Amino acid sequence: MINVNFDLSGKATIVTGAGRGIGRTIAEGLAQAGADVVLTARTEAEVLKAANEIHHATGRRTLGITCDVTDKNSIDSVVRQVLEKFGRIDILVNNAGTTVRHTAFELSEEDWDFVVDTNFKSVFLMSQAVGKHMVERQSGRIVNIASVASELTLSFTSAYGPSKATVVQLTRQLAN
């Protein structure tokens, strides 16, 4: 349990890429702060296990949903399910991300599309779907996870850095 100095009681949150790693840790931190948490990930067993463990550790309401964050229909389904269960969405954390480790000469078009769609397109689609609800309610927060790779070049990550740089710029654009 972490020492939380803020209270998110009564807030409904969505965290993408929350089956493991950073996303799972973010989801757990939100639950520890009192939020109800919807975890999304591509792997059903992983996201259901994470949601169950966070629920048992914190007592907060959790929901694990399999979601392809690169697919608008999958995202719209998640938003519908969250609104049906919690009646609102207060916080969205766009955390889902991936990389394929190849040089620019080795990277296939399919690998490029996979990384860019997961790291960037998903942020736009999730923000668009959830943002509409937040604008209607005149309330909500969207947190987009980028990377130091948005500013630095890293070996063998030809698509990762550019995809995270676009997340930084999209965040500015959406805030405007």
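The structure under discussion appears in the preceding block.
The structure displayed is predicted, hence computed values, not measured ones. (Residues numbered from 1 in each chain as written. Predicted model: local features only at pLDDT ≥ 70, side-chain atom pairs only at ≥ 80, totals over all residues. Heavy atoms only, no water.)

A. Molecular detail of the overall build of the protein chain. Secondary structure summary: the protein chain contains five helices and five strands in total. For the protein chain, the succession of helices and strands along the chain, N to C, is β-α-β-α-β-α-β-α-β-α. In terms of overall dimensions, the protein chain is globule-like: its C-alpha atoms have a radius of gyration of 16 Å, near the 16 Å expected for 176 residues. Over its C-alpha atoms, taken along the principal directions, the protein chain stretches across nearly 50 × 35 × 30 Å. Sequence separation of at least 24 residues holds for 66% of the intrachain contacts in the protein chain that already meet a minimum separation of 6. Put simply, the protein chain shows about 9,500 Å² of open surface, and 51% of that area lies on carbon and sulfur atoms. (Helix = DSSP H or I, 4+ residues; strand = E, 2+ residues; numbered from the N terminus. Rg over C-alpha atoms; globule rule 2.2 N^0.38 Å. Contact = heavy atoms within 4.5 Å. Areas by Shrake-Rupley, 256 points an atom, 1.4 Å probe, with all protein chains shown as cover.)

B. Here's a closer look at the packing of helix α1 (residues 21-32) against helix α2 (residues 44-58). Running from N to C, α1 and α2 point in directions that differ by 30 degrees, and their axes come no closer than 10 Å. The angle between α1 and α2 falls in the class roughly parallel. The two elements α1 and α2 meet at a crossing, and its hand is right-handed. Between α1 and α2, the residues in contact are R24, A27, E28, A31 and Q32 and A50, E53, I54 and T58, respectively. (Axes fitted to C-alpha atoms, helices over the stretch in contact; angles between N-to-C directions. Parallel < 35°, antiparallel > 145°, perpendicular 65-115°, else oblique. Left-handed = near helix turned anticlockwise from the far one by under 90°.)

C. Representation of the environment of K85 in the model. Residue position: K85 is located in helix α3 (residues 72-86). Considered as a pair, K85 and R61 are 24 residues apart in the sequence and their alpha carbons are 9.9 Å apart. Setting aside anything within four residues of it in sequence, one finds K85 in contact with R61 and L63.

D. Fine view of the environment of V37. Positionally, V37 belongs in strand β2 (residues 36-41). With a relative accessible area of 0%, V37 lands in the buried category. Remark: the alpha-carbon pair of V37 and I91, spanning 54 residues in sequence, is separated by 9.4 Å. V37 has contacts with T13, V15, A27, L30, A31, R61, T62 and L63, leaving out every residue within four places of it along the chain. (Buried < 20%, exposed > 50% of the residue type's maximum accessible area, 1.4 Å probe, protein only.)

E. Representation of the side chain of T16 within the structure. As for its position among the elements, T16 is in the loop between β1 (12-15) and α1. Among the polar contacts listed, one links the side chain of T16 to the backbone nitrogen of A96, at a separation of 2.9 Å. Setting aside residues no more than four positions away along its own chain, T16 makes contact with T40, V69, L92, V93, N94, N95, A96 and M126. (Polar contact = N/O pair within 3.5 Å; in protein donor to acceptor, adjacent residues only side chain to side chain.)

F. Just the pattern of salt bridges, in detail. Considering all chains together, one arrives at eight salt bridges under this definition. A salt bridge links E53 to K49; the nearest nitrogen and oxygen atoms lie 3.8 Å apart. One end of the pair, E53, and the other, K49, are both in helix α2, four residues apart, so they sit about a helical turn from each other. Here K72 makes a salt bridge to D76, at a shortest N to O gap of 3.2 Å. Of the two residues, K72 and D76 are both situated in helix α3; the distance of four residues between them amounts to about one turn of the helix. We classify K72 as partly exposed; its relative accessible area is 40%. Sharing partners across several salt bridges, the network here consists of R24, K49 and E53. (Salt bridge = Lys/Arg side-chain N within 4 Å of Asp/Glu carboxyl O.)

G. Structural view of α3. For α3, built from 15 residues, the straight-helix expectation of 21 Å at 1.5 Å per residue is met to within 8% by its first-to-last C-alpha distance of 21 Å. Burial in α3 covers these residues: S74, I75, V78, V79, V82 and F86. One side of α3 holds all its buried residues, which, seen down the axis, span an arc of 140 degrees. Turned more than 90 degrees from where α3 packs its buried face, N73 and E84 sit exposed. Among the structural elements, β1, β2, β3 (62-66) and α4 (109-137) are those in contact with the buried residues of α3. (Expected span 1.5 Å × (residues − 1). Arc of directions from axis to C-beta.)

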